Amino acid sequence: MRITCPYCGARNLEEFTYRGDATVKRPESIEETARDAWIDYVYLRDNPAGLHKELWHHSAGCHAWLQVTRDTTTHEIVDVERVAKER
Amino acid sequence: MSKLKSMSALESVAVPGRHGKSDGPAGVTLQERADLGLATLEVRKGQAAALDAAVQAAYGVALPNGPVSAVGKGVRFVGVGPGQWFAVSETHANEALANDLATKLEGLASVADHSSGRAVVRVEGPSVRDVLAKGLAIDLDPGVFGDGAAAVTNISHMGVLVWRDGEAFDLAVFRSVAGSFYGWLEEAAAAYGLDVVTTS
């Protein structure tokens, strides 16, 4: 599998580190009432068949964090964008 | 405090002379680029335009916006990531480069001295691309990776920064893997003949 880094260009998988689901959002509240939201954030993940947004770190390249949209059934990558918008 | 003596990471590792295939011209020559000034610079928040202008004024070159390098007055700026560059200089040796950059780009970029942290070698010759292809997954064809092109990647699982200077390739590796890296290179070049030449 190759990922086309917006900065470096197409590079092989060895240069990247997978860091999980890009769709989860950290709950705003740290109160006990947000317990279920925290359990969901920390432990529960969807397992979609099809397009999925994932976080990848270009750890052996430009060190940018990337949001990769990948089809879990075909491994086709339809979009790669940098998470940091600035610079 | 006594000053530490600067010493190459490749000293007594890259032994001058011919290695591997001994007949015919060497396929690859290797020369260490010792005593370079090496530094990284990273743009401060919201200062991209000001940094561009300051580099242009001080070094007479535009900072590259991508994995390529640009040569200014005494300094080559290599794009290594969004808002990040690796600076290489012969004229500002060792920490003099970082000091010069930090002074001229104060408040616009964070500068760190890398002079003692990396070993830089220059490889060239008729077989250089064949040798590098054994460990480097980057297309080095001049149509794709032309003069000045750069890449942060791996060679044989070791982190490397490579840039093209004319027909030659410069490879910067972390000092701690310089011995292993040279071992890989000597092995990879053996079939073509490797000539290690001294800088002086």
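All residue numbers here refer to positions counted from 1 along the written sequence of the relevant chain. Chain labels run from A onward and ligand labels from 1 onward, assigned in the order the entries are written. Local features in a predicted model are, by the rule used here, given only for residues with pLDDT of at least 70; side-chain atom pairs are given and counted only at 80 or more, and totals for whole chains, interfaces and linings are based on all residues. The side-chain values count all of the structure's non-hydrogen atoms but skip hydrogen atoms and water molecules.

The name recorded for chain B in an unreviewed UniProt entry is Sarcosine oxidase gamma subunit, from Methyloceanibacter caenitepidi.

Named according to an unreviewed UniProt entry, chain A is Sarcosine oxidase delta subunit originating from Methyloceanibacter caenitepidi.

K.L.:
Would you explain the overall build of chain B in this entry?
P.N.:
Within chain B, the regular secondary structure consists of four helices and 12 strands. Against the 2.2 N^0.38 benchmark of 16 Å for 200 residues, chain B shows a C-alpha radius of gyration of 17 Å, consistent with a compact globule. To sort residues, take the accessible area from a 1.4 Å probe on protein chains only and compare it with the maximum for the residue type: under 20% means buried, over 50% means exposed, and anything in between is partly exposed. Within chain B, the fraction of its 200 residues that count as buried is 48%. Only heavy atoms matter for contacts: two residues are in contact if any of them lie within 4.5 Å across the pair. Residue pairs in contact within chain B that sit at least 24 positions apart in sequence constitute 64% of those at least 6 positions apart. Across chain B, the centroid of the 16 positively charged side chains sits 3 Å from that of the 22 negatively charged ones. Here a helix means four or more residues in a row that DSSP labels H or I, a strand means two or more in a row labelled E, and each is numbered from the N terminus. Note on method: radius of gyration uses C-alpha positions; expected globular size equals 2.2 Å times residues raised to 0.38. We score Asp and Glu as negative and Lys and Arg as positive, and we do not count His or the chain ends. Working definition for charges: the position is that of NZ of Lys, CZ of Arg, CG of Asp or CD of Glu.

K.L.:
Looking at this model, I keep getting lost on the interface of chain A and chain B. Mind explaining?
P.N.:
Interfaces are often sized by the accessible area lost when the parts come together. Opposite the 13 residues of chain A that make contact, chain B presents 19 residues. Simply put, the buried area is the total loss of 1.4 Å probe accessible area from both parts when two parts are fitted together. Of the roughly 1,300 Å² buried between chain A and chain B, counting both surfaces, carbon and sulfur atoms make up 47%. Here a salt bridge means any side-chain nitrogen of Lys or Arg lying within 4 Å of a carboxyl oxygen belonging to Asp or Glu. At the surface where chain A touches chain B, the tally comes to zero salt bridges. Two N or O atoms form a polar contact when they lie within 3.5 Å of each other; inside protein one atom must be a possible hydrogen donor and the other a possible acceptor, and for residues adjacent in sequence the pair counts only when both atoms belong to side chains. At the junction of chain A and chain B, the tally comes to six residue pairs in polar contact (both at pLDDT 80 or more). The residue classification treats Ala, Val, Leu, Ile, Met, Phe, Trp, Tyr, Cys and Pro as nonpolar and Asp, Glu, Lys and Arg as charged. All others, Gly included, are polar. Class assignment of the residues belonging to the side of chain A that touches chain B gives a composition of five nonpolar, two polar and six charged.

K.L.:
Help me understand the nonpolar core in this model?
P.N.:
Among buried residues, those of type Ala, Val, Leu, Ile, Met, Phe, Trp, Tyr and Cys that are joined through side-chain atoms within 4.5 Å constitute a nonpolar core. The biggest cluster of nonpolar side chains holds 33 residues, and the ones touching the most others in it are B:Val123, B:Leu132 and B:Leu171. The contact partners of B:Leu132, leaving out residues within four places of it in the chain, are B:Val123, B:Leu140, B:Ile155, B:Phe169, B:Leu171, B:Trp184 and B:Leu185.

K.L.:
In this structure, what is going on with the pairing of strand S2 (residues 28-32) of chain B? I would like to understand it.
P.N.:
Two faces, one strand: in a regular strand the side chains alternate between the faces of the sheet. Residues and elements named next belong to chain B. Across the two faces of S2 the burial differs, with Val-28, Leu-30 and Glu-32 buried and Thr-29 and Gln-31 not buried at all. Strand pairing is assigned whenever DSSP identifies at least 2 bridges connecting the two strands. Where S2 lies against strand S8 (residues 118-124), four bridges are found, and the strand directions are antiparallel. Paired with Gln-31 across the bridge in S8 is Arg-122.

K.L.:
Any chance you could explain the sheet that holds S2(B) here in plain terms?
P.N.:
Sheet strands line up and pair through hydrogen bonds in the backbone, either parallel or antiparallel. Residue and element names in this part refer to chain B. One open sheet accounts for seven strands, arranged S1-S12-S2-S8-S11-S10-S9; its pairing is mixed. On the outer flanks of this sheet lie strand S1 (17-19) and strand S9 (150-155), each paired with one strand and no other. Averaged over neighbouring strand pairs, the angle between their axes works out to 25° when direction is ignored. Sheet topology note: the S1/strand S12 (residues 194-197) ladder contains three bridges and is antiparallel. Here an angle of 0 to 180 degrees is reported between the N-to-C directions of two axes, which are lines fitted to C-alpha atoms, with helices fitted over the stretch in contact.

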